[in-house]
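Structure at a glance
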Amino acid sequence: MSPRRAPVIDIRSRRPWQPEERRRIIRLAPELDGLDMLYSNDNDPERLFSIKILFWALRANGEVVGLVPWLGRMVACPDIRDPLNGQFEGYYDAGIEDVFDEPPAHKRAELEAAAEYYHVEDSDADTILQELPDDHGTHAVLTGDGFRSLTLIEVHSWRLYGDGRIHGMLIDDDRVSETPVLPGDDCLYAAEEHPDFRYFFQHRIANKIKEEDPDALAALALLREP
């Protein structure tokens, strides 16, 4: 009998490594009860920070994870990384002051039932599987001059494709033909495909940047390109 090989561990998630195809997101469900992700970083290791979870996601391997807009893309909570070595510390329910590691059972049941009903596992890469509105006030930061000036635009919705990509959709005001703008409208475009796009921030940070809050601007300076 050959010796059993130890599993390869993904250093980002600290879980057994799997091919990227098996980690592909196949279904989303909105977070409607105000649950947070907790994280820490090397700049202030004694504190925990929180950010609102936007969606729960089902991966092709059956794993369920929370999702947050994190710097330049939508990221699974266990996979976060930032310039200060941010680390995922768990999920948090402020209403009952509970910290937990696994997603809520009712969200897992919702995602698995929907994935089974819609048969989404074998979709083409560019097929739009879902488009869900953003109700957390996420903003996209655009700058074309190295952050000497910047524009903040509200994210209207998030679009999940068959290959697992999730794009934040912005409104092109020049192409609006009907109001209100709804998910799937032709006037929407992906922030990630705009040449000036840099980051996503939830509304609390975005509003502080708009107000030129010193702490928010100092944090933004850490992310600026050389």
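A brief structural summary.

Cut-offs used in this document
- Residues numbered from 1 in each chain as written.
- Predicted model: local features only at pLDDT ≥ 70, side-chain atom pairs only at ≥ 80, totals over all residues.
- Heavy atoms only, no water.
- Helix = DSSP H or I, 4+ residues; strand = E, 2+ residues; numbered from the N terminus.
- Expected span 1.5 Å × (residues − 1).
- Buried < 20%, exposed > 50% of the residue type's maximum accessible area, 1.4 Å probe, protein only.
- Arc of directions from axis to C-beta.
- Contact = heavy atoms within 4.5 Å.
- Pairing = 2+ DSSP bridges.
- Axes fitted to C-alpha atoms, helices over the stretch in contact; angles between N-to-C directions.
- Phe/Tyr/Trp six-rings, centres within 6.5 Å; stacked < 30°, edge-to-face > 60°.

1. Remarks on helix α1 (residues 105-118)
Helix length check: α1 (14 residues) gives 20 Å between terminal C-alpha atoms against 20 Å at 1.5 Å per residue, within 8%. Residues K107, L111, A114 and A115 constitute the buried set of α1. For α1, the arc enclosing every buried residue in end-on projection is 100 degrees, short of the 170-degree limit, so these residues lie on one face. Opposite the packed face of α1, turned more than 90 degrees from it, sit the exposed residues A105, E116 and Y117. Buried residues belonging to α1 abut β1 (25-30), β4 (55-59) and β5 (64-70). Downstream of α1 by a residue or two, H119 has a phi angle that is positive, lying close to 50 degrees.

2. Some remarks on the sheet that holds strand β6 (residues 73-76)
Taken in spatial order, the 4 strands line up as β1-β4-β5-β6 in an open sheet, and their pairing is antiparallel. With partners counted over all chains shown, the strands left at the sheet margins are β1 and β6, one partner each. Geometrically, the sheet is characterised by an average inter-axis angle of 35 degrees between neighbouring strands, direction not taken into account. Two elements, β5 and β6, share 4 bridges in a ladder whose sense is antiparallel.

3. As for the sheet that holds strand β15 (residues 197-201)
Judged by pairing direction, the sheet is antiparallel, and its 3 strands sit side by side in the order β11-β10-β15 without closing on themselves. Strand pairing shows two members of the sheet lacking a second neighbour, β11 (151-154) and β15, which therefore form its edges. Neighbour-to-neighbour, the strand axes of the sheet open up by a mean angle of 30 degrees, direction not taken into account. Bridge analysis of strand β10 (residues 139-142) against β11 gives 4 bridges, and the strand direction is antiparallel. Bridge pairing links V141 to L152 in β11. Where helix α2 (residues 203-210) meets the sheet, its contacts fall on β10, β11 and β15, and the angle it forms with β15 comes to roughly 120 degrees.

4. Thoughts on the packing of aromatic side chains
With the rule as written, the count across this model stands at 10 aromatic pairs. Between W56 and Y91 the ring centres are 5.0 Å apart and the planes differ by 65 degrees, which places this aromatic pair in the edge-to-face class. Placement of the pair is W56 in strand β4 and Y91 in strand β7 (residues 87-93), with a sequence separation of 35 residues. Summarising the burial analysis for this pair, W56 and Y91 share the class buried. The interplanar angle of 40 degrees and the centroid separation of 5.9 Å between the aromatic rings of Y91 and F100 together place this pair among those described as tilted. By relative accessible area, which is 1% here, Y91 ends up buried. In this structure an aromatic cluster arises from ring pairing among W56, F88, Y91 and F100.

5. A short note on the environment of K208
Residue position: K208 is located in helix α2. By relative accessible area, which is 35% here, K208 ends up partly exposed. Once residues lying within four places of it in the same chain are set aside, the contact partners of K208 are D213 and A216.

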